[in-house]
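Chain and residue survey
For reference, the chains in residue letters:
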Amino acid sequence: MADMRSQNIDALKGTAILIVMAGHVLTWNHMEDGYIYDVIKVIQMPLFIMVSGYLCGIGRRVSDLTQYWRILKRRAVSYLVPFFFWIVLLHPRHPLSSIWETLFCLDKGLWFLMTLFLLNLMTYTAQLAGAKAAHHRKLVFWGVYLFLAAFVAAETLLGWEFLSPGLTRLYLPFYLTGYLAGENREVLADIPKQWRAVFCGLFAAGLIYLASAFDLLDVGTLMLLGRQLLASFLGCGAVICLITFCRDGRVKGFLAWLGNYTLEIYVLHFHFATLLNRGETYNLYSLEGFLFAAASFGVMSLVTAVIIVITKKIPALDFLLYGKPGRPV
């Protein structure tokens, strides 16, 4: 991830959304297994969060209060408008009570959007504090950022549920890693290609070992949570290395194109993951199960694509559903 906004970044986003879609086909059709699904689960959202942190790291720093509010307003439109609108859309009879309930349990809605907004809020607030400091701006930035991170950790320890601080705490390491990678992209770009290949192999081997030897979804203790975090970092590292190694071409171009519609796909696709399911349970490792999963993925993708094409031609829907100004696909 060395370039300001290279094809690699959009290709990573496209890859991440495909992983998310595959995971939802398995989980919504009760086809989770202890290997493939575990790998998908530990990679899908951490990779998204890491790429988002990287984009923040390479972006323009907040320099004053006016710029701070302008950036937050833009992020609020992108993330919070669809977050709240989808709650109202799915619960039209009790919109206010549903919003209130979701704010105390983000998993009941599009939690990723609110969590990402909070992670951005923490970073831009720390940037503003650093910009206002006369001296030691870096030190002030990290002081404020670590204070906010400690506050989030304290919320979880105290059992506070508003805005689900546990989600922010869980994904903060991935966002911060991406942010630091963005800030130090020149250093990362200087790593020799052969060493990147070695790292890619080690990351992939480490993930395969952890997925085959342990239940990565068991996070009942701090040690088990740490093991899952390690697996997530290894998986994200392997995917990032793999995408950067891929030559520019049709496949990478398709992934990059897909990466421009990740939010649209994210908010829509899972609603159609079970269209082919007639109440049966399939074994993923059978021919019938594999064909069912592949067909479900294809139908889900097709329906999602059709809805995106139609809704993005209507500016109001493009804004409310996806937080974007109307632009035809």
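Residues numbered from 1 in each chain as written. Predicted model: local features only at pLDDT ≥ 70, side-chain atom pairs only at ≥ 80, totals over all residues. Heavy atoms only, no water.

1. Thoughts on the overall build of the protein
Tallying secondary structure elements over the protein gives 14 helices and zero strands in all. Starting at the N terminus, the α and β elements of the protein follow one another as α-α-α-α-α-α-α-α-α-α-α-α-α-α. Taken over C-alpha atoms, the radius of gyration comes to 20 Å for the protein, in line with the 20 Å a tight globule of 329 residues would show. Based on the C-alpha atoms only, the size of the protein along its principal axes is roughly 65 × 55 × 45 Å. Counting only residues that meet the buried cut, the protein has 46% of its 329 residues in that class. Contacts in the protein between residues far apart in sequence, at least 24 positions, make up 74% of those at least 6 positions apart. Of the roughly 16800 Å² that the protein leaves accessible, carbon and sulfur atoms contribute 69%. Distance between charge centres in the protein, computed from 27 positive and 20 negative side chains, equals 11 Å. (Helix = DSSP H or I, 4+ residues; strand = E, 2+ residues; numbered from the N terminus. Rg over C-alpha atoms; globule rule 2.2 N^0.38 Å. Buried < 20%, exposed > 50% of the residue type's maximum accessible area, 1.4 Å probe, protein only. Contact = heavy atoms within 4.5 Å. Areas by Shrake-Rupley, 256 points an atom, 1.4 Å probe, with all protein chains shown as cover. Lys, Arg positive; Asp, Glu negative; His and termini not counted. Charge placed at Lys NZ, Arg CZ, Asp CG, Glu CD.)

2. So, the nonpolar core
By size, the foremost hydrophobic cluster in this structure holds 92 residues, and its most contacted members are Leu47, Phe112, Leu113, Tyr266 and Val267. Considering every element that reaches this core, the biggest residue donor is helix H2 (residues 36–58), with 13 residues. Those residues in contact with Leu47 that lie beyond four places of it in its chain are Leu12, Ala16, Cys236, Val239 and Ile240. (Core = buried A, V, L, I, M, F, W, Y, C linked by side-chain atoms within 4.5 Å.)

3. A word on the packing of helix H3 (residues 65–90) against helix H5 (residues 111–132)
With their axes 9 Å apart at the nearest point, H3 and H5 run at an angle of 175° to one another. In terms of their interaxial angle, H3 and H5 are classed as roughly antiparallel. Contacts from Leu65, Tyr68, Ile71, Leu72, Arg75, Ala76, Tyr79, Leu80, Pro82, Phe83 and Phe84 of H3 reach H5 at Trp111, Leu113, Met114, Leu116, Phe117, Asn120, Leu121, Tyr124, Thr125, Leu128 and Lys132. Class assignment for the residues of the contact of H3 with H5 results in 18 nonpolar, two polar and two charged. (Axes fitted to C-alpha atoms, helices over the stretch in contact; angles between N-to-C directions. Parallel < 35°, antiparallel > 145°, perpendicular 65-115°, else oblique. Nonpolar A, V, L, I, M, F, W, Y, C, P; charged D, E, K, R; others polar.)

4. Side note on the side chain of Ser52
You can see Ser52 is positioned in helix H2. Setting aside anything within four residues of it in sequence, one finds Ser52 in contact with Leu116 and Tyr175.

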